Amino acid sequence: MKSKLKFLTGVSLKRKIKTKWFVIANALIALVIIAGLNIDTIITAFGGEFNEKTTIYVIDHTNESYDLLKDQIRTSTTSFTVEDNSSEEAVSDQSKFTIKRYQKSEKEAKKLIADEKKTVVLVLDHSDQDVLTAKLISKDYLSTQNFQIINAAVNGTKSTLAFQKSNISSEELARINTPIKLEREYLEKDKNEAGENNEMIMGFVLPIIILPFFMLTLFLVQMIGAEVNDEKTTRGMEIIISNVSPKTHFFSKVIAGNLFVIIQSILLFIYGGIGLLLRTMIAGDGINGGITDSVGTMVGNLLEGGMGEKLIYIIPLTLLLMILTFISYSLLAGILASMTTNIEDFQQLQTPIIVISLAGYYLATLSTMFGGSLFIRIFSYIPLISAILSPSLLIIGQIGILDMIVAILLTIVTNYLLIKYGLKIYKVGILNYSSKGLWKKMFKALKD
């Protein structure tokens, strides 16, 4: 049996890997991942200007707002250059500006920015009613981030001017303008500010992490169903079953399908690694300081918050649960496919599987909103859903290791039941070519 199982598994795996569509699909996937991680470099090569600073020409009719505006820009972003013919300051980080004092008229400034890209004119003037008026002139639209920074700087400048005109001392003004650092106190001893930051970070990152697993699960189900249906449609199933047992045939499909998914997962990680490596080599700062810098900062924050210690047990438990869940989906797909005679019937039967997967995916993406409620804890135990949901809840601290172990044990029990009772359905279904009464045939097979 072992030699036959190994042979059938190898044949099934080769049918999936040694094909033109596999090569073409992976070439496209690699291209998309690598290009996505280096999108700013690609756009820059075709004329994009991610690294060019936005120049702000300031016409200050008040003769006292320019320096205040510089200070406000400095507090809003740590990346700007000030040029006023006497001093120059440059720091490289995220939003990029060059601020220049403009001594000529507004009309001449408009002519200037008409010929320059990424330039704006900011006109500041006195106002008896509102203390300060401001007009922003630009040729094109500004990014939302840059507009908000300029708008906040102008309003900060207005507030400072208003305080100065109220005869408030510079010390008092500095004290008023000093931002408040909100101190945090947690009643639970295991809670801290770093952990709270980790939860916010993971709430953003988790949907990106679980998406590949979700897509691979759907791909696994469709792949096994299509292969079983293809053998039944071509009548090749009769020849195969005359030489091997249905049990051997069933397990060969499950093993080959899961090996293929594991290989595909490894390839996805390789593509991502190549993309990040290329970015490190050629991309430079890129958009918003570069993806690599952002990822590095995020990882550093997670490790400082104690996430590194948690990952020591989170990663093994998550991988184990994911592999067991892949097996569950492949077993279920093989059982359902054996009762169908064409791919259309199988697509109808796989609809509940897709709905279950979608439910798990959406619950995981919204996991931070449930606050550790009993509802979300119960769903984290349910097989087929738990592989997506439980790791998410474990990372953000809404469930513990014990809950994760319970989810793993329930998945193992589910796989045992699928093998024990699913084989009965599979033995009857693979040689049954009737497309009527699918569910009746399944229940009849279980009774027999």
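Residues numbered from 1 in each chain as written. Predicted model: local features only at pLDDT ≥ 70, side-chain atom pairs only at ≥ 80, totals over all residues. Heavy atoms only, no water.

When its secondary structure is counted, the chain shows 18 helices and six strands. By residue count, 40% of the 448 residues in the chain fall in the buried class. Considering only contacts in the chain between residues 6 or more positions apart, those separated by 24 or more positions represent 72%. Accessible surface computed for the chain: about 25,000 Å², of which carbon and sulfur atoms make up 63%. (Helix = DSSP H or I, 4+ residues; strand = E, 2+ residues; numbered from the N terminus. Buried < 20%, exposed > 50% of the residue type's maximum accessible area, 1.4 Å probe, protein only. Contact = heavy atoms within 4.5 Å. Areas by Shrake-Rupley, 256 points an atom, 1.4 Å probe, with all protein chains shown as cover.)

What follows covers the pairing of strand E5 (residues 119-127). Across the nine residues of E5, seven count as buried, placing the element largely inside the fold. Examined bridge by bridge, strand E1 (residues 54-60) and E5 share six bridges and lie parallel to one another. In the sheet register, Asp60 faces E5, and the bridge partner there is Leu124. Across eight bridges, the pairing between E5 and strand E6 (residues 131-138) is antiparallel. Following the sheet pairing, Val121 is matched in E6 by Ile137. Hairpin connection, E5 to E6: the antiparallel pair is bridged by three residues. (Pairing = 2+ DSSP bridges.)

Another point: the nonpolar core. Counting 60 residues, the largest nonpolar core has Leu220, Phe250 and Leu389 as the members making the most contacts within it. Ranked by the residues each element gives to this core, the list is headed by helix H12 (residues 307-338), at 13 residues. In contact with Leu389, not counting residues within four places along its chain, are Leu363, Ala364, Ile376, Phe379 and Ser380. Counting 17 residues, the second-largest nonpolar core is a separate cluster that includes Phe97, Ile99, Leu124 and Leu132. (Core = buried A, V, L, I, M, F, W, Y, C linked by side-chain atoms within 4.5 Å.)

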